[in-house]
Amino acid sequence: MLSERRLEVLRAIVQDYVGTEEPVGSKALTERHSLGVSPATVRNDMAVLEEEGYIAQPHTSAGRIPTDKGYRLFVDKLAGVKPLSGAERRAIQNFLEGAVDLDDVVARTVRLLAQVTRQVAVVQYPSLTRSSVRHVELLSLAPARVMLVLITDTGRVEQRIIDCPGPVGETVLADLRARLNSRVTGSRFSEVAPRVQDMADGFDPDDRPSVGTVLATLLETLVEEKEERIMLGGAANLTRFHHDFPLTIRPVLEALEEQMVLLKLLGETADGTMTVRIGHENFHEGLNSTSVVAVGYGSGDEAVAKLGVVGPTRMDYPGTMGAVRAVARYVGQILAES
């Protein structure tokens, strides 16, 4: 365990390196920070930090920079994240409140996260499996053709065109719509199947095949995997940090192009809790020079999806974590009110 004083020296090194992009020396540390000890003591503390793998010397004549291990301890010992100003919070809220539908909410969230953090933003669409049914609409397109519209509590809309085995009259369609909504509105997706399994039996024998086809399509829609929708933005922000990547930013950009890599990155985030993965803690080799800050968001207490940012390990962790958490909270509010 590091002493509190050495932890304070490590904090100062991280803050200075993130702020200046230059390796940090003991003389600069004692001048910039009120550490309450002599430069010689700071040098000794830095030697211990280096020996224990928290900082490293990039060049023989240079000061020291934090390692992945150093950043990890810095994040783990954070007293709190940096709060956004009132003006920043109002700007975020006004921007997100202008969204017209779920796609617009996700698109605006990506743009916002990328602008506020100046990192690469990644936002997962709300998961269908964690959603509830808000409304089911049935529309007649032709005598034997029906459009099913499923609206979830997160504002997601799924549409299906159904070719029925026989004509479906407006009266039957209205009856089915009313019965469906009375049984499934507010239900979690996992609860819908048992609630509609015997519904076709309540209709005339001639109408049952068509009613059964509509119900089967609804159930198929509920179980389809829609998790794999992710939006990414702000990749150009990485070019500002080209010197933070040992060789080239190409491996990072290639990793970010892979949908499954992004899904796995966000999938490692526990619901509702902030996750920070630093450098080699990331499973994908292309992301070993980056840090990922992610959190779940949702319309209630439960997260329905995740969002976060990817940037260099030389990151303003308190500020980035504060921004990611604030944006997630506002997106959740927008979904709850939509």
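Bear in mind that the values here come from a model prediction, so they are computed numbers and not experimental data.

Participant: What is the right way to read the packing of aromatic side chains from this model?
Facilitator: Going through the model one piece at a time under the given rule, you end up with 1 aromatic pair. With a centroid separation of 5.6 Å and an interplanar angle of 50 degrees, the aromatic rings of Y71 and Y317 are classed as tilted. Linking Y71 in helix α4 (residues 68-76) with Y317 in helix α12 (residues 317-337), this pair joins segments that are 246 residues apart in sequence. A relative accessible area of 2% means that Y71 is categorised as buried.

Participant: Just to check I follow, could you spell out the packing of helix α5 (residues 86-97) against helix α6 (residues 102-117) for this structure?
Facilitator: A packed helix pair is summarised by two numbers, namely the angle formed by the two axes and the spacing between the axes. Contact geometry for α5 and α6: axes closest at 9 Å, N-to-C directions at 150 degrees. Comparing the axis directions of α5 and α6 gives the class roughly antiparallel. Every pair of crossing elements has a handedness; the one defined by α5 and α6 is right-handed. Contacts between α5 and α6 involve I92, F95 and L96 from the former and V105, R108, T109, R111 and L112 from the latter. Taken together, the residues of the contact of α5 with α6 sort by class into 5 nonpolar, 1 polar and 2 charged.

Participant: What's the story with the pattern of salt bridges in this structure? I'm lost.
Facilitator: Oppositely charged side chains can pair when the atoms bearing their charge come close. The full count for this structure, using the stated rule, is 20 salt bridges. For D16, the salt bridge goes to R32, with nearest N and O atoms at 2.9 Å. Of the two residues, D16 is situated in helix α1 (residues 4-20) and R32 in helix α2 (residues 26-32); the sequence distance between them amounts to 16 residues. Judged by relative accessible area, D16 falls into the buried class, the value being 8%. With a shortest N-O distance of 3.0 Å, D198 and R183 are connected by a salt bridge. One end of the pair, D198, is in the loop between α8 (189-196) and α9 (208-223); the other, R183, is in helix α7 (residues 170-184), and 15 residues separate them in sequence. Each of E4, E8 and R11 takes part in salt bridges that share partners, so that together they form one network.

Participant: Could you clarify how one ought to interpret a nonpolar patch on the surface in this entry?
Facilitator: Together, L139, L141 and I161 give the surface a local cluster of nonpolar side chains, amounting to about 250 Å² of exposed area. Position of L139 among the secondary structure elements: in strand β4 (residues 133-142). When its relative accessible area of 36% is taken as the criterion, L139 is described as partly exposed.

The rules behind these values
- Residues numbered from 1 in each chain as written.
- Predicted model: local features only at pLDDT ≥ 70, side-chain atom pairs only at ≥ 80, totals over all residues.
- Heavy atoms only, no water.
- Phe/Tyr/Trp six-rings, centres within 6.5 Å; stacked < 30°, edge-to-face > 60°.
- Helix = DSSP H or I, 4+ residues; strand = E, 2+ residues; numbered from the N terminus.
- Buried < 20%, exposed > 50% of the residue type's maximum accessible area, 1.4 Å probe, protein only.
- Axes fitted to C-alpha atoms, helices over the stretch in contact; angles between N-to-C directions.
- Parallel < 35°, antiparallel > 145°, perpendicular 65-115°, else oblique.
- Left-handed = near helix turned anticlockwise from the far one by under 90°.
- Contact = heavy atoms within 4.5 Å.
- Nonpolar A, V, L, I, M, F, W, Y, C, P; charged D, E, K, R; others polar.
- Salt bridge = Lys/Arg side-chain N within 4 Å of Asp/Glu carboxyl O.
- Patch = residues over 30% accessible without salt bridge, like charges linked within 9 Å, V, L, I, M, F, W, Y side chains within 5 Å.
- Areas by Shrake-Rupley, 256 points an atom, 1.4 Å probe, with all protein chains shown as cover.

Nothing here speaks to function; it is geometry throughout.
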